[in-house]
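Report on the structure
If you want the building blocks of each chain, they are given just below.
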Number of protein chains: 2
Amino acid sequence: MRELPGPDLAAGTSALQRQQALTKPAGSLGRLEEIAQFLATWQGRHPPRCDRPRVAVFAGNHGVAAQGVSAYPPEVTAQMVQNFIKGGAAVNQLTAQIDGDLRVYEMDLQRPTADFTQGPAMDEARCARAIAYGMMAVEQGIDVLCLGEMGIGNSTSAAALCLALFGGEATDWVGPGTGVFGAALERKREVVTKGVAVNKALLNDPLHLLRALGGEELAAIVGAILAARLARTPVLLDGFACAAAAAVVQALDARGLDHCLAGHLSAEPAHGKVLDRLRLKPLLQLDMRLGEGSGAALAVTLLKAAVACHTGMATFGEAGVSERQ
Amino acid sequence: MRELPGPDLAAGTSALQRQQALTKPAGSLGRLEEIAQFLATWQGRHPPRCDRPRVAVFAGNHGVAAQGVSAYPPEVTAQMVQNFIKGGAAVNQLTAQIDGDLRVYEMDLQRPTADFTQGPAMDEARCARAIAYGMMAVEQGIDVLCLGEMGIGNSTSAAALCLALFGGEATDWVGPGTGVFGAALERKREVVTKGVAVNKALLNDPLHLLRALGGEELAAIVGAILAARLARTPVLLDGFACAAAAAVVQALDARGLDHCLAGHLSAEPAHGKVLDRLRLKPLLQLDMRLGEGSGAALAVTLLKAAVACHTGMATFGEAGVSERQ
């Protein structure tokens, strides 16, 4: 794989220096200070900006949904895409709040991936096409890219990716998703265990693992994360499915997520475990578990606040405020 | 005390009913759903609104600051007020982010309260005047009131209020504030212990306790919380000093904070303990410890997001999305 660009330490240092001169006790803006420095470091400029956020939502359908792993029927994926297009979903309202640009990427919804309990979900060509499609979400001029997904069955696919990448048992990675409990949850666990067993021969290579157990929208997120790094666009990840896709990037390159922040810790139980493995500390924790980019879009409000404080505050010198005794 | 108005259960129920019809799995917007219902309940209307937030910052000076309990000299209070007025502080940038109306209430800065290690900080008249002044921050037409404070020495005053209200030892409630450590922190603990001992005779009544150990800006916050309740204006509390003032309201009336949310959990160690006693779960946790209303103002972004989702999303019926199987 092409070498990914590293941090712009000069821009990061400029941010840190300004931070220290602003009219507040050192460090008292906490993670807002970290965010400002992070954005400068990964945008490669000081001051950082957060005027043009984009929210990219990828939608895909999963063959494994036929196994009854979701509380909702598979046609909901396409119905929700229409809802995004008409402006009726949560992510529409949240994108409007941040003056963002919402892009919805509908991926082959009429042609679900194969059921991964029978063999790989995608062949190499299909997975590569999905990754390339995800890369198209990155364009010049975007200050931060929020990644989200929609896909009935994709928390099952995400759990399978995690089991294959991190080990353990299906029960470590399988949760209620849209809301399955009891016997249906047990069925979901069995499906994940079986998917990993059936595809065992493909799981030593992250890209084969992705095509075996992932879906098109998750492969697209992998592509978008990589393209954003190349374009010096910081990324905000959303929930569990998004984090599982990000974990594939980490498997490809241990530093591959250094330009990413986790927007929100989902109520989906496995999300926190994945974020721990990715060494990402979520910005928000509001018991949301919706996906569709909602947690990432909401976290942009914090990025905007961080940039506003960083660029708008007076320094001790400018304001004539006494420094520490 | 005049009886405080209770919740508007009809408005809250309308919010809950709409929430359940929106195009998302039930409960999947987590605390954003709670917030929408809370705002409806305490604004007494459905749908709730968050177009007109006000941020009220009260500034006062503390006689106890002469004991060397802060990392900054007392003149910083007045200097920071000038910084607020000129637009250079963090709270100015954060208020602009939420299209809010920032009001700064400068309280007798040239005349600090008495040093509470020698006797009560305020006489009854001065404390009553400060409470009444705080009430003026509430006007018709405000959708949410964010309360904040500025006052060199006020984390010492807040710690003394907590020790008097909740018991324990000074060490349970005294933290670094603007940044005191080692011997200075030990001194701060001694000052708090002494203040509570010296004023012991006044501590059985919440209002006497407030005048003995509080400051004008903290008394003003007590007044603002009560006035907001009477005006059906929900309140966002800020950090540790603000929570200590709120604890006085709780001591006056066990339901007195039902219209309040905690915007942010501060890095000041005692803040979480106070919020536990107040049964308030903070919306944000970003390691901030600045005061001046910063955590409350930042949390308004979540209230706006909650209202935007609640009012802007389509219902399952409107969007033609299938419900649960």
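My aim in this report is to walk through the structure given alongside it, one point at a time. Nothing here was measured: the structure is a model prediction, and the numbers come from that model.

Now for the overall build of chain A. On a plain count of helices and strands, chain A comes out with 14 helices and five strands. In summary, chain A has a C-alpha radius of gyration of 20 Å against a globular reference of 20 Å for 325 residues, a match within 12%. Along the longest, intermediate and shortest principal axes, the C-alpha atoms of chain A span 70 × 40 × 35 Å. Looking at chain A residue by residue over its 325 residues, the buried ones come to 63%. When the accessible area of chain A is evaluated, it comes to approximately 11,300 Å², of which 50% is carbon and sulfur surface. The centroid of the 29 positive side-chain charges in chain A is displaced by 2 Å from the centroid of its 32 negative side-chain charges.

Moving on to the interface of chain B and chain A. Counting residues at the interface gives 54 residues for chain B and 54 residues for chain A. Counting each side, the surface lost to burial between chain B and chain A is near 4,500 Å², with a carbon and sulfur contribution of 59%. Counting the surface chain B buries against chain A, the share from its top three residues, Tyr-72, Leu-286 and Arg-324 of chain B, is 13%. The interface formed by chain B and chain A includes two salt bridges. Among the salt bridges present, the one from Asp-287 of chain B reaches Lys-281 of chain A, with a minimum N-O distance of 3.5 Å. Going through the elements one at a time, helix H2 (31-43), helix H3 (75-86), helix H4 (90-97), helix H13 (294-312) and helix H14 (316-319) of chain B are the ones with two or more residues in the side of chain B that touches chain A. At eight residues, the largest contribution of residues to the side of chain B that touches chain A is made by H13 of chain B. Class assignment for the residues of the side of chain B that touches chain A results in 27 nonpolar, 18 polar and nine charged.

Within a regular strand, the side chains alternate between the two sheet faces. Residues and elements named next belong to chain B. With seven of seven residues buried, strand S3 (residues 144-150) lies mostly within the body of the structure. Side-chain alternation along S3 places Val-144, Cys-146, Gly-148 and Met-150 on one buried face and Leu-145, Leu-147 and Glu-149 on a second face that is also buried. Where strand S1 (residues 53-60) lies against S3, seven bridges are found, and the strand directions are parallel. Each bridged residue has a counterpart across the sheet, and for Val-57 the counterpart in S3 is Gly-148. Note: S3 against strand S4 (residues 235-237), two bridges, orientation parallel. Bridging across to S4, Leu-145 finds its partner in Val-235.

Below, the discussion takes up the sheet that holds S4 of chain B. All names here are of chain B. Taking strand neighbours across the sheet as the criterion, the five strands line up as S2-S1-S3-S4-S5 in an open arrangement whose pairing is parallel. Of all strands in the sheet, those with a lone pairing partner are strand S2 (101-107) and strand S5 (260-262), marking the two edges. When strand polarity is set aside, the average angle formed by the axes of neighbouring strands in this sheet is 25°. One ladder, built from seven bridges, connects S1 with S2; its direction is parallel. Each residue of the ladder has a partner; that of Phe-58, found in S2, is Tyr-105.

On to the relation of the copies chain B and chain A. One copy of the chain maps onto the second through a rotation around an axis plus a translation along that axis. Each copy of the sequence occupies a distinct position, and chain B is placed on chain A by a rotation of 180° and an axial shift of 0.0 Å, giving an RMSD of 0.0 Å. Expressed as a symmetry operation, the mapping of one chain copy onto the other fits a two-fold axis. Mapped onto chain A, 100% of the interface residues of chain B again fall at the interface, so both copies present the same surface.

Bringing the sheet that holds strand S4 (residues 235-237) of chain A into the picture now. All names here are of chain A. The parallel open sheet is built from five strands, whose spatial order is S2-S1-S3-S4-S5. Lying at the two open borders of the sheet, with one neighbouring strand each, are strand S2 (101-107) and strand S5 (260-262). In this sheet, neighbouring strand axes are inclined to one another by 25° on average, regardless of whether the strands run parallel or antiparallel.

What follows covers the nonpolar core. Judged by nonpolar contacts, the single largest core of 240 residues is most densely connected at Phe-58, Leu-147 and Leu-236 of chain A together with Phe-58, Leu-147 and Leu-236 of chain B. Those residues within four positions of Leu-147 of chain A in sequence are excluded, and the remaining contacts are Ala-56, Phe-58, Ile-221, Ala-224, Ile-225, Val-235, Leu-236, Leu-237, Asp-238, Cys-242, Gly-293 and Ala-296 of chain A.

Next up on the list: the packing of helix H11 (residues 240-252) of chain A against helix H12 (residues 269-278) of chain A. Residues and elements named next belong to chain A. Contact geometry of H11 with H12 gives a least axis separation of 9 Å together with a crossing angle of 25°. One finds that H11 runs roughly parallel with respect to H12. Regarding H11 and H12, the two cross each other, and that crossing is left-handed. Along the contact surface, H11 presents Phe-240, Ala-243, Ala-244, Ala-246, Ala-247 and Gln-250, while H12 presents Ala-270, His-271, Val-274, Leu-275, Arg-277 and Leu-278.

What follows covers the environment of Arg-289 of chain B. Mapped onto the elements of the fold, Arg-289 of chain B is located in the loop between helix H12 (269-278) and H13. Among the residues examined, Arg-289 of chain B registers a relative accessible area of 27% and is labelled partly exposed. Contacts of Arg-289 of chain B, omitting those with residues within four sequence positions, involve Pro-25, Ala-26, Gly-27 and Ser-28 of chain A together with Gly-177, Thr-178, Ser-266, Ala-267 and Glu-268 of chain B. Among the polar contacts made by the side chain of Arg-289 of chain B, one reaches the main-chain carbonyl oxygen of Ala-26 of chain A at a distance of 2.6 Å.

Helix packing for two helices is described by the angle between their axes and how far apart those axes are. Interaxial distance between helix H13 (residues 294-312) of chain A and H4 of chain B falls to 9 Å at its minimum, and their mutual angle equals 135°. Considering their axes alone, H13 of chain A and H4 of chain B lie oblique with respect to each other. As H13 of chain A runs across H4 of chain B, the sense of the crossing is right-handed. Note on element contacts: H4 of chain B touches H13 of chain A through Ala-90, Gln-93, Leu-94 and Gln-97 of chain B, opposite Lys-304, Ala-305, Ala-308, Cys-309 and Gly-312 of chain A.

This paragraph deals with the pattern of salt bridges. Taken as a whole and assessed by the stated rule, the structure comprises 28 salt bridges over all chains. We note a salt bridge from Arg-103 of chain A to Glu-139 of chain A, for which the minimum N-O separation is 3.6 Å. Remark: Glu-139 of chain A occurs in the loop between helix H5 (124-135) and strand S3 (144-150) and Arg-103 of chain A occurs in strand S2; sequence separation between them is 36 residues. With relative accessibility at 37%, the residue Glu-139 of chain A sits in the partly exposed group. Two residues, Asp-101 of chain B and Arg-54 of chain B, come together in a salt bridge whose shortest N-O distance is 2.8 Å. One end of the pair, Asp-101 of chain B, is in strand S2; the other, Arg-54 of chain B, is in strand S1, with 47 residues separating them in the sequence. Residue classification places Arg-54 of chain B among the buried positions, given a relative accessible area of 4%. Members of the salt-bridge network, linked through shared partners, are Arg-54, Asp-101, Arg-103 and Glu-139 of chain A.

Take the packing of aromatic side chains next. In total, this model carries six aromatic pairs over all chains according to the counting rule given. An angle of 25° between the planes, with centres 4.8 Å apart, marks the rings of Phe-58 of chain A and Tyr-105 of chain A as stacked. Taken together, the residues Phe-58 of chain A in strand S1 (residues 53-60) and Tyr-105 of chain A in strand S2 connect sequence positions 47 residues apart. Taken individually, Phe-58 of chain A and Tyr-105 of chain A each receive the classification buried, so the pair is uniform in this respect. On the basis of an interplanar angle of 35° and a centroid distance of 5.6 Å, the ring pair of Phe-166 of chain B and Trp-173 of chain B is categorised as tilted. We note that Phe-166 of chain B, like Trp-173 of chain B, is buried. Pairwise contacts between aromatic rings join Phe-58, Tyr-105 and Tyr-133 of chain A into one cluster. The lysine or arginine in question, Lys-273 of chain B, covers the ring of Trp-173 of chain B, its NZ or CZ lying 6.0 Å from the ring centre.

Cut-offs and rules
Position labels on residues start from 1 in each chain and follow its written sequence. Here the convention is simple: chains get letters from A, ligands get numbers from 1, in the order in which they are written. With pLDDT at 70 or above as the cut-off, local features in this predicted model cover only qualifying residues; side-chain atom pairs require 80 or more to be listed or tallied, and sums for whole chains, interfaces and linings still use all residues. For side-chain calculations, the full set of non-hydrogen atoms in the structure is used, while hydrogens and water are omitted. Runs of E in the DSSP output that reach at least two residues are strands. Runs of H or I that reach at least four are helices, and both are numbered from the N terminus. Our radius of gyration is a C-alpha quantity, and the globule rule it is checked against amounts to 2.2 Å times the number of residues to the power 0.38. Each residue is placed in one exposure class: buried if its accessible area under a 1.4 Å probe, protein chains only, is under 20% of its type's maximum, exposed if it is over 50%, and partly exposed if it falls in between. Residue burial considers only the protein chains on display, and all accessible areas are found by Shrake-Rupley using a 1.4 Å probe. The charged-residue count follows a simple rule in which Lys and Arg add positive charge and Asp and Glu add negative charge, with His and chain termini not counted at all. Charged groups are reduced to one reference atom each: NZ for lysine, CZ for arginine, CG for aspartic acid, CD for glutamic acid. Whether two residues are in contact is decided by their heavy atoms, any of which lying within 4.5 Å being enough. Buried area: the accessible area, evaluated with a 1.4 Å probe, that two parts lose upon being put together, summed over both parts. For this analysis, a salt bridge means a side-chain nitrogen from Lys or Arg found within 4 Å of a carboxyl oxygen belonging to Asp or Glu. Each residue is assigned to one class: nonpolar for Ala, Val, Leu, Ile, Met, Phe, Trp, Tyr, Cys and Pro, charged for Asp, Glu, Lys and Arg, and polar for all the others, Gly among them. A pair of strands is treated as paired once DSSP finds two or more bridges between them. For every element, the axis is a line fit to its C-alpha atoms; helices are fit only across the contacting stretch, and the angle between N-to-C directions ranges from 0 to 180 degrees. Here the copies are superposed with least squares, the fitted atoms being C-alpha atoms of residues at a pLDDT of at least 70 in both. Nine residue types can take part in a nonpolar core, namely buried Ala, Val, Leu, Ile, Met, Phe, Trp, Tyr and Cys, and a core is a set of them joined through side-chain atoms within 4.5 Å. Reported orientations rely on four angle classes, namely roughly parallel under 35 degrees, roughly antiparallel over 145, roughly perpendicular from 65 to 115, and oblique for the rest. We call a crossing left-handed when the near helix sits turned anticlockwise from the far one by less than a right angle, and right-handed when that turn is clockwise. In protein, a polar contact requires one atom able to donate a hydrogen and another able to accept it; more generally it is a pair of N or O atoms within 3.5 Å, and residues adjacent in sequence count only if both atoms are side-chain atoms. A pair of aromatic rings is counted whenever rings of Phe, Tyr or Trp (Trp by its six-membered ring) have centres within 6.5 Å, and the orientation is called stacked for planes under 30 degrees apart, edge-to-face for over 60 and tilted otherwise. For a Lys NZ or an Arg CZ to count as sitting over a ring, it must be within 6 Å of the ring centre and within 35 degrees of the ring normal.

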